[in-house]
Amino acid sequence: MGLRRPLILLGPPGAGKGTQAKRLAKRYAVPHLSTGDMLRDAIAHGTDLGKKAQPIMERGELVPDALVLALVEERLGRPDAAKGFIFDGFPRTIAQAESLSRILGSRGFGKPLAIEFRVDQERLLRRLAGRWTCSIGGETYNIYERPPKTPGVCDLDGGKLIQRPDDRPEVVRERLAAYERQTAPLVDYYKRSDALETVDGMAPVDEVQRVLLEIAKRTGASDGHL
Ligand code: AMP
(Lines give C-alpha, C1' and ligand atoms only; values in the text may rest on other atoms or scores of the structure.)
Protein backbone atom coordinates (compact mmCIF):
# COMPACT_ATOMS: atom_id res chain seq x y z
CA MET A 1 0.00 0.00 0.00
CA GLY A 2 1.03 3.59 -0.36
CA LEU A 3 2.45 5.60 -3.22
CA ARG A 4 6.07 6.02 -4.25
CA ARG A 5 5.38 9.43 -5.79
CA PRO A 6 2.77 11.96 -4.65
CA LEU A 7 0.09 12.49 -7.31
CA ILE A 8 -1.08 15.98 -8.22
CA LEU A 9 -4.46 16.13 -9.95
CA LEU A 10 -4.40 19.22 -12.12
CA GLY A 11 -7.34 20.70 -13.99
CA PRO A 12 -10.07 23.33 -13.90
CA PRO A 13 -12.96 23.25 -11.41
CA GLY A 14 -15.48 20.61 -12.45
CA ALA A 15 -12.90 18.43 -14.22
CA GLY A 16 -13.54 15.49 -11.87
CA LYS A 17 -10.41 15.78 -9.73
CA GLY A 18 -12.22 15.38 -6.42
CA THR A 19 -14.20 12.33 -7.52
CA GLN A 20 -11.06 10.61 -8.79
CA ALA A 21 -8.86 11.72 -5.88
CA LYS A 22 -11.25 10.14 -3.36
CA ARG A 23 -11.17 6.84 -5.22
CA LEU A 24 -7.40 6.83 -5.65
CA ALA A 25 -6.86 7.67 -1.99
CA LYS A 26 -9.01 4.68 -0.99
CA ARG A 27 -7.28 2.37 -3.43
CA TYR A 28 -3.75 3.28 -2.32
CA ALA A 29 -4.70 3.90 1.32
CA VAL A 30 -3.13 7.36 1.33
CA PRO A 31 -4.60 10.73 2.40
CA HIS A 32 -6.59 12.85 -0.05
CA LEU A 33 -5.26 16.34 0.35
CA SER A 34 -7.81 18.84 -0.99
CA THR A 35 -6.94 22.42 -0.07
CA GLY A 36 -10.48 23.45 -1.07
CA ASP A 37 -11.93 20.97 1.48
CA MET A 38 -9.44 22.13 4.13
CA LEU A 39 -10.39 25.77 3.56
CA ARG A 40 -14.14 24.97 3.66
CA ASP A 41 -13.50 23.13 6.90
CA ALA A 42 -11.71 26.17 8.32
CA ILE A 43 -14.72 28.31 7.35
CA ALA A 44 -17.15 25.85 8.94
CA HIS A 45 -15.14 25.97 12.17
CA GLY A 46 -14.90 29.76 12.14
CA THR A 47 -11.10 29.81 12.46
CA ASP A 48 -9.01 32.92 11.68
CA LEU A 49 -7.92 31.31 8.45
CA GLY A 50 -11.53 30.53 7.57
CA LYS A 51 -12.49 34.16 8.20
CA LYS A 52 -9.73 35.38 5.88
CA ALA A 53 -10.46 32.82 3.16
CA GLN A 54 -14.25 33.02 3.03
CA PRO A 55 -14.73 36.34 1.18
CA ILE A 56 -11.97 35.44 -1.29
CA MET A 57 -13.51 32.04 -2.03
CA GLU A 58 -16.95 33.59 -2.41
CA ARG A 59 -15.55 35.78 -5.17
CA GLY A 60 -13.97 32.75 -6.88
CA GLU A 61 -10.44 34.08 -6.46
CA LEU A 62 -7.42 32.23 -5.12
CA VAL A 63 -6.52 32.41 -1.44
CA PRO A 64 -2.97 33.83 -0.87
CA ASP A 65 -0.17 31.28 -1.31
CA ALA A 66 1.20 31.72 2.21
CA LEU A 67 -2.11 30.70 3.83
CA VAL A 68 -2.53 27.63 1.66
CA LEU A 69 1.10 26.58 2.07
CA ALA A 70 0.85 26.74 5.85
CA LEU A 71 -2.15 24.38 5.71
CA VAL A 72 -0.34 21.95 3.43
CA GLU A 73 2.87 21.93 5.46
CA GLU A 74 0.96 21.15 8.61
CA ARG A 75 -0.95 18.33 6.89
CA LEU A 76 2.19 16.78 5.40
CA GLY A 77 3.77 16.67 8.84
CA ARG A 78 1.14 14.27 10.17
CA PRO A 79 2.13 10.59 10.38
CA ASP A 80 -0.36 9.27 7.80
CA ALA A 81 1.20 11.41 5.06
CA ALA A 82 4.34 9.30 5.19
CA LYS A 83 2.68 6.69 2.94
CA GLY A 84 2.24 9.24 0.15
CA PHE A 85 -0.75 11.40 -0.83
CA ILE A 86 -3.03 12.63 -3.56
CA PHE A 87 -3.17 16.41 -4.08
CA ASP A 88 -6.45 17.78 -5.36
CA GLY A 89 -6.65 21.49 -6.13
CA PHE A 90 -3.07 22.12 -5.00
CA PRO A 91 -0.70 23.51 -6.18
CA ARG A 92 -2.60 26.23 -8.02
CA THR A 93 0.17 28.75 -8.72
CA ILE A 94 3.79 28.47 -9.83
CA ALA A 95 4.87 29.80 -6.41
CA GLN A 96 2.88 26.99 -4.70
CA ALA A 97 4.45 24.39 -7.01
CA GLU A 98 7.95 25.66 -6.26
CA SER A 99 7.32 25.62 -2.51
CA LEU A 100 5.81 22.15 -2.76
CA SER A 101 8.86 20.79 -4.49
CA ARG A 102 11.04 22.28 -1.74
CA ILE A 103 8.85 20.79 1.00
CA LEU A 104 8.80 17.37 -0.66
CA GLY A 105 12.55 17.43 -1.22
CA SER A 106 13.32 18.38 2.35
CA ARG A 107 11.12 15.59 3.72
CA GLY A 108 12.47 12.89 1.42
CA PHE A 109 9.28 12.28 -0.59
CA GLY A 110 9.50 11.10 -4.21
CA LYS A 111 9.23 13.48 -7.15
CA PRO A 112 5.55 14.33 -7.68
CA LEU A 113 3.65 13.33 -10.79
CA ALA A 114 1.10 15.81 -12.14
CA ILE A 115 -1.88 14.51 -14.10
CA GLU A 116 -3.79 17.03 -16.15
CA PHE A 117 -7.55 16.50 -16.61
CA ARG A 118 -8.76 17.87 -19.96
CA VAL A 119 -12.43 18.82 -20.16
CA ASP A 120 -14.06 21.31 -22.53
CA GLN A 121 -15.58 24.50 -21.18
CA GLU A 122 -19.19 23.62 -21.93
CA ARG A 123 -18.95 20.38 -19.97
CA LEU A 124 -17.29 22.15 -17.02
CA LEU A 125 -20.11 24.67 -16.79
CA ARG A 126 -22.71 21.91 -16.88
CA ARG A 127 -20.90 19.87 -14.24
CA LEU A 128 -20.53 22.79 -11.86
CA ALA A 129 -24.15 23.87 -12.32
CA GLY A 130 -25.31 20.33 -11.55
CA ARG A 131 -22.96 19.55 -8.68
CA TRP A 132 -24.36 18.67 -5.26
CA THR A 133 -22.13 17.73 -2.32
CA CYS A 134 -22.92 15.66 0.76
CA SER A 135 -22.96 17.84 3.87
CA ILE A 136 -21.63 14.93 5.97
CA GLY A 137 -19.03 12.92 4.03
CA GLY A 138 -18.32 15.26 1.09
CA GLU A 139 -19.31 12.77 -1.64
CA THR A 140 -20.18 14.64 -4.85
CA TYR A 141 -23.03 13.99 -7.28
CA ASN A 142 -24.14 15.52 -10.51
CA ILE A 143 -27.81 15.81 -11.32
CA TYR A 144 -27.06 15.37 -15.03
CA GLU A 145 -24.26 12.79 -15.05
CA ARG A 146 -24.25 11.01 -11.68
CA PRO A 147 -27.49 11.64 -9.77
CA PRO A 148 -28.00 10.25 -6.24
CA LYS A 149 -30.55 7.41 -5.90
CA THR A 150 -32.87 9.68 -3.90
CA PRO A 151 -32.86 13.37 -4.88
CA GLY A 152 -31.14 15.55 -2.27
CA VAL A 153 -29.82 12.61 -0.22
CA CYS A 154 -26.33 11.03 -0.19
CA ASP A 155 -26.29 7.34 -1.27
CA LEU A 156 -23.44 6.58 1.14
CA ASP A 157 -24.42 8.10 4.46
CA GLY A 158 -27.86 9.63 3.97
CA GLY A 159 -26.43 13.16 4.39
CA LYS A 160 -28.31 16.14 2.99
CA LEU A 161 -26.90 17.27 -0.37
CA ILE A 162 -26.02 20.95 -0.68
CA GLN A 163 -24.80 23.21 -3.48
CA ARG A 164 -21.47 24.97 -2.96
CA PRO A 165 -21.92 28.76 -2.82
CA ASP A 166 -19.06 29.18 -5.30
CA ASP A 167 -20.79 26.97 -7.88
CA ARG A 168 -23.11 29.90 -8.74
CA PRO A 169 -22.65 30.88 -12.41
CA GLU A 170 -21.13 34.31 -11.76
CA VAL A 171 -18.55 32.86 -9.34
CA VAL A 172 -17.86 29.93 -11.65
CA ARG A 173 -16.82 32.37 -14.38
CA GLU A 174 -14.23 33.92 -12.06
CA ARG A 175 -12.98 30.50 -10.91
CA LEU A 176 -12.44 29.40 -14.50
CA ALA A 177 -10.66 32.68 -15.27
CA ALA A 178 -8.44 32.22 -12.19
CA TYR A 179 -7.60 28.73 -13.44
CA GLU A 180 -6.56 30.00 -16.87
CA ARG A 181 -4.58 32.88 -15.44
CA GLN A 182 -2.84 31.30 -12.46
CA THR A 183 -3.06 27.50 -12.61
CA ALA A 184 -2.92 26.52 -16.29
CA PRO A 185 0.79 27.57 -16.46
CA LEU A 186 1.50 24.59 -14.18
CA VAL A 187 0.88 22.26 -17.11
CA ASP A 188 4.03 23.58 -18.79
CA TYR A 189 5.86 23.76 -15.48
CA TYR A 190 5.44 20.03 -14.87
CA LYS A 191 5.94 19.16 -18.55
CA ARG A 192 9.35 20.84 -18.43
CA SER A 193 10.45 18.62 -15.58
CA ASP A 194 9.06 15.57 -17.36
CA ALA A 195 6.47 15.01 -14.64
CA LEU A 196 3.22 15.49 -16.57
CA GLU A 197 0.60 13.04 -17.80
CA THR A 198 -2.79 13.82 -19.33
CA VAL A 199 -6.21 12.16 -19.06
CA ASP A 200 -9.44 12.74 -20.93
CA GLY A 201 -11.65 14.04 -18.12
CA MET A 202 -14.76 13.74 -20.32
CA ALA A 203 -14.62 9.93 -20.23
CA PRO A 204 -16.91 8.07 -17.78
CA VAL A 205 -15.74 8.04 -14.15
CA ASP A 206 -14.71 4.35 -14.20
CA GLU A 207 -12.75 4.80 -17.40
CA VAL A 208 -10.86 7.83 -16.05
CA GLN A 209 -10.08 5.80 -12.94
CA ARG A 210 -8.75 2.90 -15.03
CA VAL A 211 -6.47 5.25 -16.99
CA LEU A 212 -5.20 6.90 -13.80
CA LEU A 213 -4.28 3.55 -12.26
CA GLU A 214 -2.48 2.59 -15.45
CA ILE A 215 -0.53 5.87 -15.45
CA ALA A 216 0.43 5.43 -11.79
CA LYS A 217 1.72 1.95 -12.54
CA ARG A 218 3.59 2.90 -15.73
CA THR A 219 5.33 5.88 -14.13
CA GLY A 220 6.32 3.99 -11.00
CA ALA A 221 4.13 6.22 -8.83
CA SER A 222 2.33 3.15 -7.48
CA ASP A 223 3.55 -0.32 -6.65
CA GLY A 224 3.34 -2.43 -9.80
CA HIS A 225 0.69 -4.80 -8.45
CA LEU A 226 -1.83 -2.17 -7.33
P1 AMP B 1 -11.77 23.82 -4.84
O2 AMP B 1 -12.60 23.09 -3.86
O3 AMP B 1 -10.45 23.14 -5.13
O4 AMP B 1 -12.52 24.16 -6.11
O5 AMP B 1 -11.39 25.22 -4.17
C6 AMP B 1 -12.39 26.15 -3.79
C7 AMP B 1 -11.76 27.51 -3.56
O8 AMP B 1 -10.81 27.42 -2.49
C9 AMP B 1 -10.98 28.08 -4.73
O10 AMP B 1 -11.82 28.76 -5.65
C11 AMP B 1 -10.01 29.02 -4.01
O12 AMP B 1 -10.66 30.20 -3.60
C13 AMP B 1 -9.68 28.24 -2.76
N14 AMP B 1 -8.51 27.35 -2.95
C15 AMP B 1 -8.49 25.99 -2.92
N16 AMP B 1 -7.27 25.52 -3.11
C17 AMP B 1 -6.47 26.59 -3.29
C18 AMP B 1 -5.08 26.76 -3.56
N19 AMP B 1 -4.25 25.70 -3.70
N20 AMP B 1 -4.61 28.03 -3.68
C21 AMP B 1 -5.40 29.09 -3.53
N22 AMP B 1 -6.73 29.02 -3.31
C23 AMP B 1 -7.26 27.77 -3.18
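Above this note sits the structure.
Residues numbered from 1 in each chain as written. Predicted model: local features only at pLDDT ≥ 70, side-chain atom pairs only at ≥ 80, totals over all residues. Heavy atoms only, no water.

Caption draft 1: Layout of the site of the ligand. Taken together, the neighbourhood of the ligand is formed by 16 residues, with Thr35, Arg40, Glu61, Arg92 and Gln96 sitting nearest. Between Glu61 and the ligand, the recorded distance is 2.5 Å, taken from a backbone N or O atom to an oxygen atom. At 3.3 Å, a side-chain N or O of Arg175 approaches an oxygen atom of the ligand. Relative to its free-state accessible area of 480 Å², the ligand is covered by the protein chains to the extent of 96%. Here the shell around the ligand gets 4 residues from one element, more than from any other, and that element is helix H2 (residues 35–44). (Near = heavy atom within 4 Å. Polar contact = N/O pair within 3.5 Å; in protein donor to acceptor, adjacent residues only side chain to side chain. Areas by Shrake-Rupley, 256 points an atom, 1.4 Å probe, with all protein chains shown as cover. Helix = DSSP H or I, 4+ residues; strand = E, 2+ residues; numbered from the N terminus.)

Caption draft 2: Inspection of the sheet that holds strand S4 (residues 113–118) at higher detail. Strand order across the open sheet formed by 5 strands is S2-S3-S1-S4-S8, with parallel pairing between neighbours. Both edges of this open sheet fall to strand S2 (32–34) and strand S8 (196–200), since each of them pairs with a single strand only. Each strand of the sheet is rotated relative to its neighbour by a mean of 25°, with strand direction disregarded. Across 3 bridges, the pairing between strand S1 (residues 7–10) and strand S3 (residues 86–88) is parallel. Note on S3: the bridge partner recorded for Leu9 is Asp88. (Pairing = 2+ DSSP bridges. Axes fitted to C-alpha atoms, helices over the stretch in contact; angles between N-to-C directions.)

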